[in-house]
Amino acid sequence: MLLKTIQMKSVNITIAFVLFLFSTTVMQAQEIIKDSVVAPVKKVQSTGGRQKIDGIIATVGDYIILDSDIDKSYLEISGQGGSIKDITRCQMLGKLMEDKLYAHQAVQDSIKVTDAEVKGMMDERINYMVGQIGSIEKVVAYYKKDSEEEFKSYFFDILKEQKLSSEMTKKIVEEVEITPEEVRNFFKSIPKDELPQFGAEMEVAQIVVTPKISDAEKQKVIDRLKMFKREVEEGSSFATKAVLYSQDKASVPNGGYYKMNRKTPFVKEFKEVAFSLQEGEISEPFETEFGYHIIMVDKIKGQEVELRHILLTPSVSEDAIQVAKEKITLIRNKIVNKEISFADAARTESDQKETRANGGVLINPKTQDTRFELTKMDPSLYSQVSNLKDDEISQPIFETGENDKKTYKLITVTNRINEHTADYATDYIKIKELALKEKQIKAVGKWFNEKIKETYIKVLGEYRDCEFTNNWLKK
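Sequence order as written defines the numbering, with residues in each chain counted from 1. Reporting of local features is limited, given that this is a predicted model, to residues whose pLDDT is at least 70; pairs of side-chain atoms are given and counted only at 80 or more, and all residues count toward the totals for whole chains, interfaces and linings. Based on all heavy atoms of the structure, the side-chain values leave hydrogens and waters out of the count.

Peer 1: Explain the nonpolar core here, please?
Peer 2: Grouped burial of nonpolar side chains is what soluble globular proteins tend to show. Core analysis: the biggest nonpolar cluster contains 47 residues, and Leu93, Met97, Phe151, Phe155 and Trp472 have the highest contact counts within it. Looking at this core element by element, the count peaks at 9 residues for helix 7 (residues 148-173). By definition, residues are in contact when any of their heavy atoms lie within 4.5 Å. If sequence neighbours within four positions are ignored, tryptophan 472 has contacts with Gly94, Met97, Glu98, Leu101, Phe448, Ile452, Ile457 and Val459. Only buried Ala, Val, Leu, Ile, Met, Phe, Trp, Tyr and Cys residues count toward a nonpolar core, and they belong to the same one when joined by side-chain atoms within 4.5 Å. Under the scheme applied here, a residue whose accessible area is under 20% of the maximum for its type counts as buried, over 50% as exposed, and between as partly exposed, the area being computed with a 1.4 Å probe on protein chains only. Going along the chain from the N terminus, every DSSP run of H or I of four or more residues is numbered as a helix, and every run of E of two or more is numbered as a strand.

Peer 1: It is not clear to me how the sheet that holds strand 6 (residues 201-209) should be interpreted in this structure. Could you clarify?
Peer 2: The pairing of strands in a sheet happens through backbone hydrogen bonds and is either parallel or antiparallel. Taken together, the 4 strands give an open sheet; going across it, the order is 11-6-13-12, and neighbouring strands pair in antiparallel fashion. Unpaired on one side and paired on the other, strand 11 (371-373) and strand 12 (397-400) mark the two borders of the sheet. Ignoring strand direction, the axes of neighbouring strands in this sheet form an average angle of 50°. Between any two strands, pairing holds if DSSP finds at least two bridges. Direction of pairing for strand 6 relative to strand 11: antiparallel, over a ladder of 3 bridges. Residue pairing across strands places methionine 202 opposite phenylalanine 372, the latter belonging to strand 11. Running at roughly 30° to strand 13 (residues 406-417), helix 12 (residues 318-336) makes contact with strand 6, strand 12 and strand 13 of the sheet. All axes here are fitted lines through C-alpha atoms, helices being fitted over the stretch that makes contact, and every angle between N-to-C directions spans 0 to 180 degrees.

Peer 1: Even after reading the chapter, I still don't get the confidence of the model for the chain, so can you show me in this structure?
Peer 2: The predicted coordinates ought not to be read in detail in places where the model reports low pLDDT. Across the chain, the average pLDDT comes to 84, with 88% of residues at or above 70. For every residue, the predictor reports its confidence as pLDDT, a number between 0 and 100. A low-confidence stretch, residues 1-54 stays under pLDDT 50, and its non-local contacts, those more than four residues away or across chains, total 121 contacts.

Here you go:
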């Protein structure tokens with residue numbers, strides 16, 4: 001996986017922002033379905049000399065919200081197993097208006113979302129829904145559409161709005177930074193009896209041995225990628241080849257598509273090649289820890305690059321796997337016999353670049369800390385370490401990871417931290433994360449106050465009696 005993701009959940013306006021920023025892509029797709037405007041606007045009716053547009057309950061910039069959109073929101077939450085008992089129609093309308101304001105302002109700020117990008121998202125979401133429901137026909141029926149074409153047109157608009165909203169949110173918070181002094185003041189502001197409790201944690205280290213790939217297998221992959229490049233230059237579709245042949249499962253549904261800037265957390269070699277190409281140019285095959293790639297740049301927009309890539313991973317022979325097993329068994333024996341420490345063995349013998357220099361210590365991808373909270377630990381990692389005693393070394397573990405990459409590893413627990421009350425020195429990284437989120441939420445609140453003032457917003461009928469968190473009524 002070339003990109004890292006973070007997940008969070010929430011409820012009201014500030015919480016809604018966190019949900020929008022940190023939820024997974026599938027949940028975002030499901031959530032945004034309820035926010036779309038799909039029902040036709042009915043004819044203007046006369047009611048005692050007053051004009052009423054039946055169905056429309058709010059307008060935010062260029063977007064309208066129908067009363068039926070709130071009903072769809074309730075259905076979506078219920079369909080996902082959530083409780084709607086304590087969610088009022090006013091609260092639901094407030095959340096819908098937040099989403100519309102994000103999308104409206106994204107258009108005003110000239111944030112671009114390409115049709116190819118949205119189509120890739122749509123294909124991924126539809127494949128997921130088909131897997132859950134059973135067939136595309138059932139998905140179309142569930143959304144009460146007359147045809148697959150009508151459903152896809154409807155869903156395309158939903159996802160485009162969702163992507164605009166997501167990009168707008170990202171733009172608001174991407175420049176929010178926090179200083180150590182702000183972190184300290186944040187921690188001091190928390191009453192002692194309200195300090196957060198952190199669960200039991202552990203620090204884990206590993207040594208990885210990767211079976212060696214023969215030069216012949218590497219050359220086969222390089223030659224195949226060169227053939228793909230030549231065929232695309234002669235008129236074939238790069239996106240189609242990515243769908244058919246690429247082993248990067250994350251980008252296959254999107255035709256190998258990624259959008260990135262220099263801060264996007266791609267591996268170094270990938271970024272270097274991506275930013276060396278011109279629009280329409282295809283790279284020569286190059287190697288990263290994931291395998292061999294070719295990249296084609298679609299568009300360059302300022303500091304951002306839109307690209308497609310194909311990843312192929314060379315095959316590993318059974319002989320190479322056996323050699324790797326023998327090597328890691330020998331390393332384990334040396335550690336157990338006290339001939340070398342685990343940390344030194346990791347520094348000199350491990351094939352994993354990310355952990356080698358740090359004595360094999362793993363970094364938690366969710367927190368960027370070395371600690372793993374037991375209740376939130378990846379189940380596969382937990383199963384490997386849960387029964388290890390202090391300083392015990394696991395037996396060699398054979399794994400087939402992403403893109404069918406095969407490895408052997410040894411794993412050990414280097415430190416255990418019991419459940420405890422937050423401590424500034426010990427838990428600085430976690431406290432910094434909490435402080436940053438609070439500052440981001442304040443930045444979003446300030447943004448809402450400013451944009452509501454300058455955007456055309458109207459709430460109609462009984463909804464004008466709602467007590468909104470945001471000043472939608474501009475009182």
